[in-house]
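Geometric and topological summary
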Amino acid sequence: MHTSGGESVLRQRRTGEAPEVGAIELFFDLVYVFAVIQLSHFLLAHLTGLGIVETAVLFLAVWWGWNYTAWAMNWLNPEHTAVRVLLAVLMLAALGMSVSLPAAFDDEALLFAGCYVFLQVVRTAFVVWACRGLPLGRNYTHLLVWSVLAGVFWIAGALAPAHQLWLWVVAVVVDYAAPLVRFYLPGLGNRPEHTWPLHREHLAERNRLVFIIALGESILIMGFALIDVELTAPVIAATVLGFAGLVLLWWNYFGFRISHEVEHDPEGSHQTAIARSAFAYAHAVMIAGAIVLAVSIEQVTLHPLGHLDAAVVGCVTGGPGLYLLGNLLYIRARTGKLAVSRVVVLLLLVLLAVFALVTHAVTPIVLAGLSTLCMLGLAVYSSSARPTVAHA
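Bear in mind that the values here come from a model prediction, so they are computed numbers and not experimental data. (Residues numbered from 1 in each chain as written. Predicted model: local features only at pLDDT ≥ 70, side-chain atom pairs only at ≥ 80, totals over all residues. Heavy atoms only, no water.)

1. Some points on the overall build of the chain
Along the backbone of the chain there are 12 helices and 4 strands. Its C-alpha radius of gyration of 21 Å places the chain within 12% of the 21 Å reference for a compact globule of 392 residues. Its C-alpha atoms give the chain principal-axis dimensions of about 65 × 55 × 40 Å. By residue count, 54% of the 392 residues in the chain fall in the buried class. (Helix = DSSP H or I, 4+ residues; strand = E, 2+ residues; numbered from the N terminus. Rg over C-alpha atoms; globule rule 2.2 N^0.38 Å. Buried < 20%, exposed > 50% of the residue type's maximum accessible area, 1.4 Å probe, protein only.)

This is the structure:
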């Protein structure tokens, strides 16, 4: 471990003891409150097929920037001055990404792509330096090459508006495929999972905190929406339903506990594989669900008795549906089993969406109420499950 002023740049690792989440990590997360709000507003303004794809691309970039930072902080010492400066710089880059989100597919494409590539490359290069001479340093050298490769497509897309979306889709694929192929490089091979020693509970805590941030963004949107409308009985009812939906999402996240985890070595390859699936990928889907739920809350609050079109149906049922899909992946990664309760409620939401689209027999507030009832049923089931080991 390399030091500066007598203090290690890397965390002191003690077997069986998860690293504490540092204050600078919590400070870094604050910029993502703004990022999530910006993503919600972008989706709300672009509720078309193309708009959904664009929102997905932007979200996946925002999430990957946060995810890789959370993983890096599993090894970096948050009390070290250089690490604190690094996170402050990365926070500024993330702020630049957030500011540019509304026009990321317009005249601020280069700002968004430049900030994202800067964030990914600078952080990874720092870890390469901090871990030089260690296996983890070689791992991050491979990751750095993949980040630069993805960065070529991000910058190229920003400079070629006619091909921007497709180039950015390729960039996302490169970014997300890298861990799946173990950061393989021709002639150098891959980096096996056992060379990524980590404390999974630190990542679990970081992901729990960012999920709460996503829910908090929904509360902000709800509050701002209420400022601009007359507080009629339907609006108040829609607000109560929206708030209940948030509580139930929180309840289903923290209330369900896993009884039997996949056997794993505390700091070996299986530990890393579980963390990658459960946090890097599954949590991305759950956070996306929380963002879509926020959009549905604003739609229903502003127009509780309005016309029920495909966009409203998709958001009202798609928010909790995406959350449940991510939760299924999460539980599968942790236990190796399928959570049947999640599958049942997910199918109910799909049937509810089909019914609403085909019959046009319900209003937005009624659809939101039925969707909330589905999640309430799941919460009741989750609360009655046996007390177990880990949050799902």
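2. Considering helix α10 (residues 310-335)
For α10, which comprises 26 residues, the first-to-last C-alpha distance of 35 Å matches the rise-based estimate of 38 Å (1.5 Å per residue) to within 8%. Taken as a whole, α10 carries its principal kink of about 40 degrees at Gly 318; the proline Pro 320 stands between one and four residues after it. (Expected span 1.5 Å × (residues − 1). Bend = angle between axes of the 7 residues up to and from the residue.)

3. Overview of helix α12 (residues 364-384)
For α12, built from 21 residues, the straight-helix expectation of 30 Å at 1.5 Å per residue is met to within 8% by its first-to-last C-alpha distance of 31 Å. Every buried residue of α12 is listed here: Pro 364, Ile 365, Leu 367, Ala 368, Gly 369, Ser 371, Thr 372, Cys 374, Met 375, Leu 378, Ala 379 and Ser 382.

4. Structural notes on the side chain of Ser 218
One can find Ser 218 in helix α7 (residues 200-227). Residue class for Ser 218 comes out buried when judged on its relative accessible area of 0%. Setting aside chain neighbours within four positions, we find Ser 218 in contact with Leu 246, Ala 290, Ala 294 and Ile 297. (Contact = heavy atoms within 4.5 Å.)

5. With respect to the side chain of Asn 207
Along the polypeptide, Asn 207 turns up in helix α7. When neighbours within four sequence positions are excluded, Asn 207 is seen to be in contact with Trp 63, Trp 66, Tyr 253, Phe 279 and His 283.

6. Overview of a nonpolar patch on the surface
A cluster of nonpolar residues, Ile 212, Ile 219, Phe 243, Val 247, Trp 250 and Trp 251, forms a patch on the protein surface that exposes about 550 Å² of accessible area. Contributing elements (two or more residues each) for the nonpolar patch: α7 and α8 (233-255). Ranked by residue count, the leading element in the nonpolar patch is α8, at 4 residues. Residue position: Ile 219 is located in helix α7. (Patch = residues over 30% accessible without salt bridge, like charges linked within 9 Å, V, L, I, M, F, W, Y side chains within 5 Å. Areas by Shrake-Rupley, 256 points an atom, 1.4 Å probe, with all protein chains shown as cover. Salt bridge = Lys/Arg side-chain N within 4 Å of Asp/Glu carboxyl O.)

7. Some points on the environment of Ala 113
One can find Ala 113 in helix α4 (residues 109-130). Judged by its relative accessible area of 0%, Ala 113 is buried. Linking Ala 113 and Ala 125, residues 12 residues apart in sequence, is a C-alpha distance of 18 Å.

8. Overview of the nonpolar core
In this structure, Leu 76, Phe 112, Trp 154 and Trp 168 are the most contacted members of the largest nonpolar core, which totals 105 residues. Here the element with the most residues in this core is helix α9 (residues 269-302); it accounts for 14 residues. Formed by 13 residues, the second largest nonpolar core is a distinct cluster that contains Ala 238, Leu 308, Val 313 and Ile 365. (Core = buried A, V, L, I, M, F, W, Y, C linked by side-chain atoms within 4.5 Å.)

9. Some details on the packing of aromatic side chains
Considering all chains together, one arrives at 23 aromatic pairs under this definition. Arranged with centres 5.4 Å apart and planes meeting at 35 degrees, the rings of Phe 183 and Trp 196 form a pair that is tilted. Residue Phe 183 is found in the loop between α6 (164-180) and α7, and its partner Trp 196 is found in the loop between α6 and α7; the two are separated by 13 residues along the sequence. There is no split in this pair, since Phe 183 and Trp 196 are both buried. Ring pairing ties together the aromatic residues Phe 42, Phe 105, Phe 112, Tyr 116, Trp 154 and Trp 168, which thus form one cluster. (Phe/Tyr/Trp six-rings, centres within 6.5 Å; stacked < 30°, edge-to-face > 60°.)

10. Here we look at unusual backbone geometry
Located in the positive-phi region is Arg 182, a residue other than glycine, with phi close to 55 degrees. Structurally, the position occupied by Arg 182 is in the loop between α6 and α7. The phi angle at Phe 183 is positive, at roughly 55 degrees, despite the residue not being glycine. The class for Phe 183 is buried, based on a relative accessible area of 6%.

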